[in-house]
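What follows is the residue order along each chain.
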Amino acid sequence: MPRQKIVIYPGSFDPPTNGHLDLIQRASEVFAHVVVAVLRNESKTALFTVEERMEMLAEATKDLENVSIDSFSGLLVDYAREREGRMILRGIRAISDYEYELQMALMNRHLNPELETLFMPAAEQYSYLSSRLVKEVNRLGGDISKLVPPNVARRLADKSS
Ligand code: PNS
């Protein structure tokens with residue numbers, strides 16, 4: 001089996017948070033190439049369009065040369081095959097994340113036994129952080145400036161003005 005150079009980090013990223021960015025940064029130190037892949041999910045109502053989310057991720061990772069931003073629809077295993085990636089990265093914040101993440105990892109392995117999922121613990125200081133809570137706090141007028149990169153904070157402010 002050839003050594004893995006590329007890792008795919010899939011997610012909704014609606015919007016990207018400091019927790020996501022921390023994971024991307026750490027992964028970029030371990031892998032030759034990190035592909036951040038935004039899911040195009042027609043059935044889920046999102047605050048930001050996929051294009052906006054990709055722009056925010058691109059802005060926030062512009063100094064990381066080995067990180068690229070992409071989007072996908074359909075099955076993650078099919079996308080990984082297309083990109084010739086055999087390693088999926090997911091962040092785990094707390095043990096409560098583990099059950100769902102394990103279920104997805106095992107389903108993905110069932111669909112493609114050659115695909116591995118790597119769990120990386122989220123940074124302690126972001127272990128309570130989620131895109132859903134960031135949106136809620138922002139909508140209700142709370143301060144989210146320490147929870148998301150500045151470019152995301154600006155876009156959130158635009159959405160709520
Ligand atoms: O940031 P999220 O919403 O927790 O990310 C979930 C994501 C995008 C990783 C997951 O929903 C996914 O991979 N969706 C693609 C559809 C798919 O492959 N489903 C079967 C695998 S369980």
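Note that this is a predicted model, so its numbers are computed, not measured. (Residues numbered from 1 in each chain as written. Predicted model: local features only at pLDDT ≥ 70, side-chain atom pairs only at ≥ 80, totals over all residues. Heavy atoms only, no water.)

Student: Would you mind going over the site of the ligand in detail, with residue names and values included?
Tutor: For the ligand, the full set of nearby residues is Pro10, Gly11, Ser12, Leu39, Lys44, Phe72, Gly74, Leu75, Leu76, Arg90, Met104 and Asn108. Ser12 places a polar side-chain atom, nitrogen or oxygen, 2.5 Å from an oxygen atom of the ligand. Residue assignment for the shell around the ligand shows that the elements contributing at least two residues are strand S1 (6–11) and helix H4 (95–111). (Near = heavy atom within 4 Å. Polar contact = N/O pair within 3.5 Å; in protein donor to acceptor, adjacent residues only side chain to side chain. Helix = DSSP H or I, 4+ residues; strand = E, 2+ residues; numbered from the N terminus.)

Student: Account for the side chain of Asn112, with residues named and values stated.
Tutor: Position of Asn112 relative to the elements: it lies in the loop between H4 and strand S5 (116–121). Excluding residues that lie within four positions of it along the chain, Asn112 makes contacts with Val77 and Arg81. (Contact = heavy atoms within 4.5 Å.)

Student: For helix H2 (residues 50–60), give the residues involved together with the corresponding values.
Tutor: Those residues of H2 lying buried are Val50, Arg53, Met54, Met56 and Leu57. Looking down the long axis of H2, one finds its buried residues gathered within 160° of arc, a one-sided arrangement. Turning to H2, the residues buried within the fold contact helix H1 (18–30), strand S2 (33–39), strand S3 (67–72) and helix H6 (150–160). (Buried < 20%, exposed > 50% of the residue type's maximum accessible area, 1.4 Å probe, protein only. Arc of directions from axis to C-beta.)

Student: Give a detailed account of the pattern of salt bridges, specifying residues and quantitative values.
Tutor: All chains considered together, the criterion is met by 11 salt bridges. Arg83 is the partner of Asp70 in a salt bridge, and the nearest nitrogen-oxygen pair spans 2.8 Å. Here Asp70, found in strand S3, pairs with Arg83, found in the loop between helix H3 (76–82) and strand S4 (87–92); they are 13 residues apart in sequence, far enough to count as distant. On the basis of relative accessible area, Arg83 is assigned to the partly exposed category, the value being 29%. One network of salt bridges, with partners in common, ties together Asp14, Arg53 and Lys135. (Salt bridge = Lys/Arg side-chain N within 4 Å of Asp/Glu carboxyl O.)

Student: Lay out the pairing of S2 in plain terms, naming residues and giving numbers.
Tutor: When you tally the buried positions in S2, you get five out of seven residues, the bulk of the element. As defined by bridge partners, S1 adjoins S2 across six bridges and the pair is classed as parallel. Bridging across to S2, Val7 finds its partner in Val34. Crossover connection from S1 via H1 to parallel S2: handedness right-handed. Here S2 pairs with S3 via six bridges, running parallel. Bridge pairing in S3 places Ala37 opposite Asp70. Each parallel crossover has a hand, and for S2 linked through H2 to S3 it is right-handed. (Pairing = 2+ DSSP bridges. Right-handed = clockwise from strand over helix to strand, strands pointing away.)

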